[in-house]
There are 2 protein chains.
Amino acid sequence: MHDLIRQLREDNKTKIVMLVADGLGGLPIEPGGPTELEAAKTPNLDKLAAEGTVGLSIPVAPGIAPGSGPGHLGLFGYDPLVHDIGRGVLEALGIGVEVGPYDVAIRGNFCTIDGDGIVTDRRAGRIPTETCVKLVELLRAGVKIEGVETLIEAVREYRMVIRFRGEGLGDDVADTDPLSTGLHTLQPKAGSAGSEKTARIAAEFLRQAKEILKDQTPANFLMMRGFAKFPNIATMEEVYGLRSAAIAVYPMYRGLAKLVGMTVVEPGNTVADQMDALKANWDKFDFFFIHYKYTDSTGEDGNFAKKVEMIEALDVEIPKITALKPDVLIVTGDHSTPSRMKSHSFHPVPLLISAPATVRPDFVTTFGERPCLAGGLGQILAKTIMPLAMAHAGRLQKFGA
Amino acid sequence: MHDLIRQLREDNKTKIVMLVADGLGGLPIEPGGPTELEAAKTPNLDKLAAEGTVGLSIPVAPGIAPGSGPGHLGLFGYDPLVHDIGRGVLEALGIGVEVGPYDVAIRGNFCTIDGDGIVTDRRAGRIPTETCVKLVELLRAGVKIEGVETLIEAVREYRMVIRFRGEGLGDDVADTDPLSTGLHTLQPKAGSAGSEKTARIAAEFLRQAKEILKDQTPANFLMMRGFAKFPNIATMEEVYGLRSAAIAVYPMYRGLAKLVGMTVVEPGNTVADQMDALKANWDKFDFFFIHYKYTDSTGEDGNFAKKVEMIEALDVEIPKITALKPDVLIVTGDHSTPSRMKSHSFHPVPLLISAPATVRPDFVTTFGERPCLAGGLGQILAKTIMPLAMAHAGRLQKFGA
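No experiment lies behind these values; they were computed from the predicted model shown.

1. Looking at the overall build of chain A
Along chain A, the regular secondary structure elements total 14 helices and 13 strands. Structurally, chain A occupies a C-alpha span of about 65 × 50 × 40 Å along its principal axes. Relative to its full complement of 401 residues, chain A shows a buried share of 55%. Residue pairs in contact within chain A that sit at least 24 positions apart in sequence constitute 72% of those at least 6 positions apart.

Written as structure tokens, this is what we have:
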């Protein structure tokens, strides 16, 4: 599909906005009741639904609940089953740590162990970020490993990124997190020959870290997760010819956007700040990815009413986007996060395309999981949204004569 | 997809029931009228449809009417275009004849030929099974072929299974049934070099059989169909981690279930017996395939009213399933068998998923071909039903971070 798009794409001045309400899709909390989106008062989204066309997005494949990585890659038009992005890389990119072809990025979690090395708290009591920064400085000063360049950066609370740079570093190394308290941390074990050097270095890192941290409290050790190399992936500009901006508050989503070559625009901390950033950068880009976190976090918390509120808070901001007159506005989520399940789920995600000049409207007049079943887009794989966005933006030429 | 499921699957205690009403889908018998399913009074299925979600299953691909083999493989989550199961293997498995890697299994049909060898009855007057058993004994006693082990088993009426076991036996051999009376039977002809040995052995078998049966009446010869080797196919337990039971009255469907590693539970002869078997085995398995034949056989007979009756008879049994509180109950068919067509057809098959804890309900309140068009599942390939069943059963972890 990317080859076809590269062949057919036509640059013009049209602008595409993709508003991703993370975890947007939901479930009724009681039999016969509405979902979160159906319960929310969303006059602005409903208007877009009535004038545009709707459907449902299947993030990866039927039945598959995606993490944020595959969920967003699909929305950006990259097949998440082909492009496998490791968590370490995402975490690194999200805090501005570059990851190149000779690097392995790893998530580090500070933890608490007892005198026998048994994990008593996998998150070291969720130490404040300042403590994390201080401990990372201790590690930086203390860890010395031959034959590899080591970089350590604090993320937030108990989380850090570790990056090894050197020749011959594979990323097929198992996590050292035992996933439960009451167990020893695991050794970083290579799953294949090409990753044995990485495993050796990681083991040496952990050995030194244990010594350096031994008198700290509560964070007296760390675990490594998500060993990952940078994937070889074409940028949005290369594939679609779109100068693309990401307006995202949280590191993970900035990281995902950087992965496909987007420019991360600093948006401040609120959705209103994000809308300001959209307006301020309107002339500089062709494509804008706006990430809205709170529909997911409230779903993860199992708070139906709060998720409804967060959907309504987003709806209020919609006129700021439409005031800029984007040629195409897409509203969807990277996956569903039903508050009833308190987790990402496999359910298809409501999807809306507004494109005044080119859209074929359907009969649907409200934005919700069940109304979307009757929409003009049907139920489609997330990776087909970008081709549709390009088409609605007049950015794809006719195929064949 | 199987690789992905193996990677994500999570064993738990949830239970999945797949009720296959063979040939369930139908057509109106007169313009403007209901289909068989729409005409039937099905309060229990309607309740499941109202509380759960519905859609339509496309057995193989749009426009393709499947036989029982591809129809069921699709439902079990195996792509029927990839896994080609020969009829001979199915017939053998259905009567408990083992088929291994050095075997070719063949369906044998007793027939009647005249003095010139012209077929006058392709089913030898549908001889009773006892006659079939007696004739098979004659063949066993009489046929001697060098360099191959031969096994012959009666199935029912005019049908038997022949199994050749030996080195270098391919299954690319043409049927000897001319498919019409008034013609000679055909020679078993190899379609490729690797099957020439099989063709030679089959020809010798037929030569000896003709001599052995020449004075019998009406069954004085046989024809061979469906030469087939055992396919290399992963079991349901290997793919899904599901201990799977098959509750099927007819040999073909037991055979299909064995092919994917299910344990065949002896269910007696009625659907009530099948429900008893379900209950009796409830604690021993994770997945239950229940096969209901009569929606297909009445469709094949062109008996609209009788098919309606058989659907209603199945509906009455539904509470016995729901009383066991399966986490996921799927109701669908392996294909449509409209009584108006008296044959399998390509039409999508009504599909229902009941899963109280995880389903996203739609607006549909009755189970029927046309109501299902508005359902939450859309029209999906049969092979995607098992991933959805696994997801609704909470048996798939999140994909990616």
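2. Here's the deal with the sheet that holds strand β11 (residues 328-332) of chain B
Residue and element names in this part refer to chain B. Taken together, eight strands build an open sheet; the order of strands is β9-β8-β10-β1-β11-β12-β2-β13 and the sheet is mixed. Both edges of this open sheet fall to β9 (263-264) and β13 (378-381), since each of them pairs with a single strand only. Direction of pairing for strand β8 (residues 244-247) relative to β9: parallel, over a ladder of two bridges. Within the sheet, the bridge partner assigned to alanine 245 lies in β9 and is threonine 263. The sheet contacts of helix α10 (residues 271-280) involve β8 and β10 (287-292), and relative to β10 the element is tilted by about 175°. The strands touched by helix α14 (residues 385-392) are β1 (16-21), β2 (53-58), β11 and β12 (349-354); relative to β11, the strand with the most contacts, the crossing angle is about 155°.

3. Concerning the relation of the copies chain A and chain B
Between the two copies of this chain, the relationship is a rotation about some axis together with a displacement along it. Note on the copies: chain A fits chain B at an RMSD of 0.3 Å, the axial shift is 0.4 Å, and the rotation between them is 123°. Seen this way, the second copy is the image of the first under a three-fold rotation axis. Measuring from the rotation axis to each C-alpha of chain A, the shortest distance belongs to A:Ala374, at 4.0 Å. A distinct binding surface is used by each copy, with only 7% of the interface residues of chain A retained as interface residues in chain B.

4. Focus: unusual backbone geometry
Residue A:Pro218 is reached from A:Thr217 by a cis peptide bond, and omega for that bond is 5°. With respect to the helices, strands and loops of the structure, A:Pro218 is situated in the loop between α7 (196-213) and β7 (221-228). In this structure, A:Glu157 takes a positive phi of about 50° despite not being glycine. Structurally, the position occupied by A:Glu157 is in the loop between β5 (149-156) and β6 (159-165). The phi dihedral of B:Ala124 is positive, around 45°, even though this residue is not glycine. You can see B:Ala124 is positioned in the loop between β4 (119-121) and α6 (129-142). What makes B:Ala124 buried here is the crowd of 27 C-beta atoms within 10 Å.

5. A short note on the interface of chain A and chain B
Across the boundary between the two partners, chain A contributes 27 residues, which contact 20 residues of chain B. Going through the elements one at a time, α4 (68-75), α5 (87-94), α13 (369-372) and β13 (378-381) of chain A are the ones with two or more residues in the side of chain A that touches chain B. By residue number, the principal contributor to the side of chain A that touches chain B is α4(A), which donates three residues. Tallied by class, residues from the side of chain A that touches chain B come to 15 nonpolar, nine polar and three charged.

6. Let's talk about the domain arrangement of chain A
Residue and element names in this part refer to chain A. Domains assigned within chain A are domain 1 (2-85 + 234-392) and domain 2 (89-228). For domain 1 versus domain 2, the separation of C-alpha centres amounts to 33 Å. On the side of domain 2, seven residues touch domain 1, which itself brings nine residues to the contact. Residues that form the side of domain 1 that touches domain 2 fall into these classes: five nonpolar, two polar and two charged.

7. Some points on the sheet that holds strand β12 (residues 349-354) of chain A
Whether parallel or antiparallel, the strands of a sheet pair through hydrogen bonds between backbone atoms. Residues and elements named next belong to chain A. Pairing in this open sheet of eight strands is mixed, and the strands run β9-β8-β10-β1-β11-β12-β2-β13 from one edge to the other. Both outer strands of the open sheet, β9 (263-264) and β13, are each paired with one neighbouring strand and no more. Both strand β1 (residues 16-21) and strand β11 (residues 328-332) contribute to a ladder of five bridges, which runs parallel. By the bridge assignment for β11, methionine 18 is matched with isoleucine 330. The strands touched by helix α3 (residues 43-51) are β2 (53-58), β11 and β12; relative to β12, the strand with the most contacts, the crossing angle is about 65°.

8. Quick word on the environment of B:Asp171
Residues and elements named next belong to chain B. Relative to the helices and strands, aspartate 171 is located in the loop between β6 (159-165) and α7 (196-213). For the pair aspartate 171 and phenylalanine 230, spaced 59 residues apart in the sequence, the C-alpha separation amounts to 9.6 Å. Setting aside anything within four residues of it in sequence, one finds aspartate 171 in contact with Gly86, Val104, Ser195, Thr198, Phe227, Ala228 and Lys229.

9. Some thoughts on the environment of B:Gln397
Residue and element names in this part refer to chain B. By the secondary structure assignment, glutamine 397 is in the segment after α14. Expressed as a C-alpha distance, the spacing of glutamine 397 and glutamine 7, which sit 390 residues apart in the sequence, is 8.7 Å. Among residues more than four places away in sequence, those in contact with glutamine 397 are Leu8 and Glu10.

10. As for the nonpolar core
Formed by 249 residues in total, the largest nonpolar core has its most connected members in A:Leu19 and B:Leu19. Those residues in contact with A:Leu19 that lie beyond four places of it in its chain are A:Ile290, A:Tyr292, A:Ile321, A:Leu329, A:Ile330 and A:Val331.

11. Focus on the pairing of β2(A)
Residue and element names in this part refer to chain A. Among the six residues in β2, six count as buried, and that is most of the element. Pairing geometry for β2 and β12, over five bridges, is antiparallel. Each residue of the ladder has a partner; that of glycine 55, found in β12, is leucine 351. Two strands pair when backbone bridges link them, and β2 and β13 are joined in this way by four bridges, in the parallel orientation. Across the sheet, serine 57 pairs through a bridge with isoleucine 380, a residue of β13.

12. Description of α6(B)
Residue and element names in this part refer to chain B. Between its terminal C-alpha atoms α6 stretches 20 Å, which fits the 20 Å expected from 14 residues at 1.5 Å a residue. When α6 is considered as a whole, its buried residues turn out to be Cys132, Leu135, Val136 and Leu139. Seen end-on, α6 carries its buried residues on one side only, within an arc spanning 105°. For α6, exposure combined with an orientation more than 90 degrees from the buried face picks out Glu130, Glu137 and Ala141. Buried residues along α6 sit in contact with β3 (103-113), β5 (149-156), β6 and α7.

13. Section: helix α9 (residues 251-259) of chain B
All names here are of chain B. Within α9, nine of the nine residues are buried, which leaves it mostly tucked inside the rest of the structure. Every buried residue belonging to α9 is among Pro251, Met252, Tyr253, Arg254, Gly255, Leu256, Ala257, Lys258 and Leu259, and all of these are buried. Buried residues belonging to α9 abut α4 (68-75), α5 (87-94), β5, β8, β9 and β10. A positive backbone phi angle near 85° is found at glycine 261, which sits one or two residues after α9.

14. Concerning the packing of α5(B) against α9(B)
All names here are of chain B. Their axes nearest at 7 Å, the elements α5 and α9 cross at an angle of 100°. For the element pair α5 / α9, the angle class is roughly perpendicular. In this structure, α5 contributes Leu90, Glu91, Leu93 and Gly94 to the contact, and α9 contributes Pro251, Met252, Arg254, Gly255, Leu256, Lys258 and Leu259. Residue composition of the contact of α5 with α9, by class: six nonpolar, two polar and three charged.

Basis of the calculations
Residues numbered from 1 in each chain as written. Chains lettered and ligands numbered in written order. Predicted model: local features only at pLDDT ≥ 70, side-chain atom pairs only at ≥ 80, totals over all residues. Helix = DSSP H or I, 4+ residues; strand = E, 2+ residues; numbered from the N terminus. Buried ≥ 20, exposed ≤ 12 C-beta atoms within 10 Å, placed from the backbone. Contact = placed C-beta atoms within 7 Å. Pairing = 2+ DSSP bridges. Axes fitted to C-alpha atoms, helices over the stretch in contact; angles between N-to-C directions. Least-squares fit on C-alpha atoms with pLDDT ≥ 70 in both. Nonpolar A, V, L, I, M, F, W, Y, C, P; charged D, E, K, R; others polar. Domains from an automatic or database assignment. Core = buried A, V, L, I, M, F, W, Y, C linked by C-beta atoms within 7 Å. Expected span 1.5 Å × (residues − 1). Arc of directions from axis to C-beta. Parallel < 35°, antiparallel > 145°, perpendicular 65-115°, else oblique.

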